[in-house]
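# Descriptive analysis of the structure
Next come the chains, spelled out residue by residue.
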Amino acid sequence: PVNAVYYKDDGDQYRPHCDGECHGGGYRRGRRIATSLTYCLVGDKGGYTSFDRAGLKVVPKRRMMLFFGYKINGDPPAMDNGQTEHSGCPLREGRKWIATMWYREGR
């Protein structure tokens, strides 16, 4: 399923979080392994997506999709150690609407 997040007021934000495992734990079949964010509407100011631990800030454009995974292939496979922790920075002007989808592998 696709989930919608709508930011409409000055200061609306999404605090830092991980969509899947972000403590370097072991991979388990059926858990989330990736996320996509589609920016349907972007704010005039603010509302960026920030990956603080990775030192990355994404300045979205309308209709842009951001895709990131948190499964690390190896033997055995593992999960991300926090580099994909992200947040929706405070909106300062305008409106922002994103469609989020999470991906799982197996059941």
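Source: prediction; values computed, not measured.

### As for unusual backbone geometry
- The amide bond that connects D75 to the next residue, P76, takes the cis arrangement and shows omega of 5°.
- If you trace the backbone, P76 turns up in the loop between β8 (71–72) and β9 (78–79).
- One non-glycine residue, R63, lies in the positive phi region at around 75°.
- Mapped onto the fold, R63 is located in the loop between β6 (56–58) and β7 (65–69).

### A short note on the nonpolar core
- Counting eleven residues, the largest nonpolar core is built from Y7, L37, Y39, F51, V58, L66, F68, Y70, M79, L91 and I98.
- Elements with a contribution of two residues or more to this core: β3 (32–41) and β7.
- For L91, the residues in contact, after removing those within four places along its chain, are Y7, K8, D9, D10, G11, D12, G43, K45, G46, G47 and K96.

### Topic: the pattern of salt bridges
- For the structure on display, the rule yields six salt bridges.
- Across the salt bridge formed by R53 and E85, the nearest N and O atoms sit 3.3 Å from each other. Here the residue R53 occupies a position in the loop between β5 (49–51) and β6, and E85 occupies one in the loop between β9 and β10 (86–88), the gap between them amounting to 32 residues.
- For E105, the salt bridge identified is with K71, shortest N-O distance 2.7 Å. You can see E105 sitting in the segment after β12 (96–104) and its partner K71 sitting in strand β8, a full 34 residues away along the chain.

### Notes on the sheet that holds strand β1 (residues 3–7)
- Taken in spatial order, the four strands line up as β1-β12-β3-β7 in an open sheet, and their pairing is antiparallel. Since the sheet does not close on itself, it has two edges, and those belong to β1 and β7, each with one partner. Taken pair by pair, the neighbouring strands of this sheet meet at an average axis angle of 20°, ignoring direction.
- Pairing of β1 with β12 involves five bridges; the strand directions are antiparallel. If you follow N3 over to β12, its bridge partner there is T100.

What counts and what doesn't
Residues numbered from 1 in each chain as written. Predicted model: local features only at pLDDT ≥ 70, side-chain atom pairs only at ≥ 80, totals over all residues. Heavy atoms only, no water. Helix = DSSP H or I, 4+ residues; strand = E, 2+ residues; numbered from the N terminus. Core = buried A, V, L, I, M, F, W, Y, C linked by side-chain atoms within 4.5 Å. Buried < 20%, exposed > 50% of the residue type's maximum accessible area, 1.4 Å probe, protein only. Contact = heavy atoms within 4.5 Å. Salt bridge = Lys/Arg side-chain N within 4 Å of Asp/Glu carboxyl O. Pairing = 2+ DSSP bridges. Axes fitted to C-alpha atoms, helices over the stretch in contact; angles between N-to-C directions.

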